[in-house]
Amino acid sequence: MKSVTQSLFAFAVLAGVAVSGASAFAAEVKGAAPSDPALVEKIRQSNAACYGCHTEQGLKAPPRADLDLEKLRQLVHDPAQFDASNHAGMECTVCHGQGYKAFPHAAGAKQSISECGECHATKALRIETQFEASVHAKNFKEQFTCRTCHDPHAFRVAAKLGDPHKIVAQDNAMCVGCHNSDLRFALFSASVTPQKVRPDLDTLHAWLPNTRLHWQAVRCIECHTPTSPVKSLGMSHEILGKDKAEKNCVTCHSQETALATRLYRFAAENGTADLGFANAAILDSAYVVGATRNPIVDRTVGVLFGLTVAVLLGHGALRIALALIRRRRSS
Ligand code: HEC
Ligand code: HEC
Ligand code: HEC
Ligand code: HEC
Ligand code: HEC
Ligand code: HEC
Ligand code: HEC
């Protein structure tokens, strides 16, 4: 059975490559890390030259005396983070251009930093269509780009991270880093009239019990994007306003949990099915109430879940009642 699945998978991969053309083949992406040891060493040395200044160490012991250290402090990078990213093994100058090789850097060097689409044409094109339909692209046009969310020195795709908790932490940091920062939010909202005051995330989601737990266990995009029509992407970039957001608990808290094809798809691919759970991967990392297929566990937790919701509803009703009483007393 397994080998049939495997050969079907291999066939699907081959078919995919044939259809999308050679340009989509990973090894041919511009600047791809080489395997030849001599070339690897050459790249390491080339990057070490940049790290000579652009690291904590460079800041402590600058190789030259004429550096603007205050500016450099804002431009410090972590080699370990880069080595764990999607772009590990690449030469800095592939994206940054030759203008950064010498110091002082060339005057127009910044304009020649490569855009994502220059190297990821096929994928970027599909993502761009979804991104163009998002609230951010519509409201902010050129100001909001791929780089506003993606740090090319740090970003790791979900498939590489695997662990749902790590995926959630990385992805939500992109959104929260702006939606929870008055300073950063204002940089963007200033261009819409009348300027939008940053709404508080917890207040916006007060209807969601255990809000903080949800922030750690699910991604913002799970509720704020439709399912992607492009299956291979596993997510959509089409972030929409509140009327299109997911409010239905059962979408996740059920046996047909939407998370199985989204957040958990990478864990599910590697997950073990030996426990007899249809959604074993979910059980491995977290127990999502209602999403497994073991009747005993489900019934037990179902009762607990029902109790929690009942307590929450009771709590809400109590607050309303108290408020009414208070209002009556004060009038
Ligand atoms: C100069 C070329 C270049 C540029 C510019 C570039 N990349 Fe990459 N990228 C690569 C190479 C090479 C790889 C590693 C080979 C591979 O896995 O495709 C890679 C890998 C990736 C991967 C993991 C593989 C995948 O496709 O899932 C992601 C995600 C990614 N890049 C996103 C981005 C984003 C987002 C940007 C813009 C901020 C960007 N890249 C800019 C060359 C580039
Ligand atoms: C001798 C120290 C030194 C080296 C080596 C160095 N840089 Fe810089 N870099 C700086 C300083 C200082 C700045 C702050 C702005 C300025 O003074 O130009 C800077 C600024 C930058 C910026 C922001 C520039 C902008 O245009 O706003 C980038 C990007 C950059 N460097 C990339 C690189 C890359 C890539 C390398 C390696 C190829 C590199 N640097 C090597 C010192 C260095
Ligand atoms: C895949 C492309 C890519 C690679 C590889 C890459 N960079 Fe960058 N880098 C960018 C982009 C794009 C920006 C501009 C980010 C922005 O303006 O938001 C940038 C910005 C910078 C900056 C200035 C802004 C900041 O936040 O510090 C520095 C310094 C820098 N890179 C250093 C490096 C060094 C050192 C390496 C190699 C270890 C490297 N980069 C490799 C794409 C890349
Ligand atoms: C509002 C923030 C945001 C913007 C803007 C954005 N992205 Fe993303 N992107 C994300 C999130 C969140 C993910 C999910 C990361 C993951 O789990 O892999 C992602 C995933 C990706 C992936 C990996 C998909 C995969 O194969 O798993 C690529 C490639 C990518 N984005 C490219 C782009 C490009 C190109 C643009 C610009 C057209 C862009 N992104 C704009 C937030 C953003
Ligand atoms: C750099 C800042 C920034 C980042 C990063 C960012 N946003 Fe936003 N976002 C904004 C601003 C500013 C608005 C207000 C737009 C408006 O109302 O005109 C907004 C609007 C929204 C809205 C719709 C609100 C409305 O009024 O219609 C949603 C939903 C949203 N963002 C979710 C996300 C998610 C999910 C992510 C991460 C994948 C994210 N945002 C990343 C700045 C950001
Ligand atoms: C469980 C689903 C869910 C998750 C997870 C979630 N949201 Fe929401 N979000 C919603 C719903 C539903 C609304 C609309 C609430 C309403 O009707 O008042 C909303 C409202 C918003 C709004 C206001 C939209 C508007 O049009 O005014 C923003 C901004 C927002 N969310 C951002 C985020 C960010 C950032 C995250 C991640 C930290 C996140 N959301 C996680 C479901 C979710
Ligand atoms: C986008 C998917 C999603 C949606 C929508 C969603 N949840 Fe959750 N919920 C989760 C995940 C994932 C967890 C974390 C499971 C864990 O780690 O224990 C969770 C945890 C919980 C918990 C805590 C359970 C515990 O273990 O303590 C409660 C209670 C809960 N959700 C209630 C709700 C209610 C009520 C709604 C609808 C208003 C809702 N959720 C909507 C995904 C979702």
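Residues numbered from 1 in each chain as written. Chains lettered and ligands numbered in written order. Predicted model: local features only at pLDDT ≥ 70, side-chain atom pairs only at ≥ 80, totals over all residues. Heavy atoms only, no water.

Describing the packing of aromatic side chains
Counted by the stated rule, this structure contains four aromatic pairs. Judged by centre distance (6.4 Å) and plane angle (35 degrees), the rings of Phe131 and Phe144 are tilted. Of this pair, Phe131 sits in helix H8 (residues 121-132) while Phe144 sits in the loop between helix H9 (135-140) and helix H10 (146-149), and the two are 13 residues apart along the sequence. The pair formed by Phe131 and Phe144 is uniform in burial state, with each residue classed as buried. Centre to centre, the rings of Phe140 and Phe144 are 5.9 Å apart; their planes meet at 20 degrees, and the pair counts as stacked. Residue classification places Phe140 among the buried residues on the basis of a relative accessible area of 15%. Grouped by ring-pair contacts, the aromatic residues Phe131, Phe140, Phe144 and Phe188 constitute a single cluster. For Lys247, the ring lying beneath its charged end belongs to Trp207, and the centroid distance is 5.2 Å. (Phe/Tyr/Trp six-rings, centres within 6.5 Å; stacked < 30°, edge-to-face > 60°. Helix = DSSP H or I, 4+ residues; strand = E, 2+ residues; numbered from the N terminus. Buried < 20%, exposed > 50% of the residue type's maximum accessible area, 1.4 Å probe, protein only. Lys NZ or Arg CZ within 6 Å of the ring centre and 35° of its normal.)

A few points about the site of ligand 6
Around ligand 6, 19 residues are found, and the nearest of them are His205, Cys220, Cys223, His224 and Lys242. With respect to ligand 6, the side chain of His205 contributes an N or O atom lying 2.8 Å from a nitrogen atom. Between ligand 6 and the protein, one listed contact pairs an oxygen atom with a backbone N or O atom of Lys242 at 3.1 Å. (Near = heavy atom within 4 Å. Polar contact = N/O pair within 3.5 Å; in protein donor to acceptor, adjacent residues only side chain to side chain.)

With respect to the coordination of the iron atom of ligand 4
Every protein donor of the iron atom of ligand 4 is accounted for by His150 (NE2) and His237 (NE2), and the metal-donor separations fall at 1.9 to 2.0 Å. Taken together, the six donor atoms surrounding the iron atom of ligand 4 define angles of 88 to 180 degrees at the centre, an arrangement classified as octahedral. Taken together, the residues His150 in the loop between H10 and helix H11 (158-161) and His237 in the loop between helix H16 (220-224) and helix H17 (265-270) connect sequence positions 87 residues apart. Taking relative accessible area as the criterion, His237 reaches 21% and is therefore assigned partly exposed. (Donors = N, O, S within 2.8 Å, 3.2 Å for Na, K, Ca; no water. Tetrahedral: all angles 85-135°; square planar, octahedral: opposite > 155°, others 65-115°.)

Structural notes on the nonpolar core
With 10 residues, the main nonpolar core is built from Ala158, Leu161, Ile167, Val168, Val218, Cys252, Leu259, Leu263, Tyr264 and Phe266. Split by domain, this core shows at least three residues from each of two domains, domain 2 (114-247) and domain 3 (254-331). Setting aside its immediate chain neighbours within four residues, Ile167 contacts Ala158, Leu161, Gly162, Arg219, Leu263 and Phe266. Phe131, Ala137, Phe140 and Phe188 belong to the second largest nonpolar core, which has five residues in total. (Core = buried A, V, L, I, M, F, W, Y, C linked by side-chain atoms within 4.5 Å. Domains from an automatic or database assignment. Contact = heavy atoms within 4.5 Å.)

Describing the pattern of salt bridges
Scanning all chains against the criterion turns up eight salt bridges. Where Arg73 meets Glu70, a salt bridge forms, and the shortest distance between an N and an O atom there is 3.5 Å. Linking Arg73 with Glu70, this pair stays in helix H4 (residues 69-73), spanning three residues, or about one helical turn. Between Arg212 and Asp202 there is a salt bridge, and its shortest N-O distance comes to 2.3 Å. With Arg212 in helix H15 (residues 211-217) and Asp202 in helix H14 (residues 201-204), the pair connects residues that are 10 residues apart, well separated along the chain. Look at Asp202 and you get partly exposed, because its relative accessible area is 25%. Overlapping salt bridges, with partners in common, bring together Asp171, Arg219 and Glu222 in one network. (Salt bridge = Lys/Arg side-chain N within 4 Å of Asp/Glu carboxyl O.)

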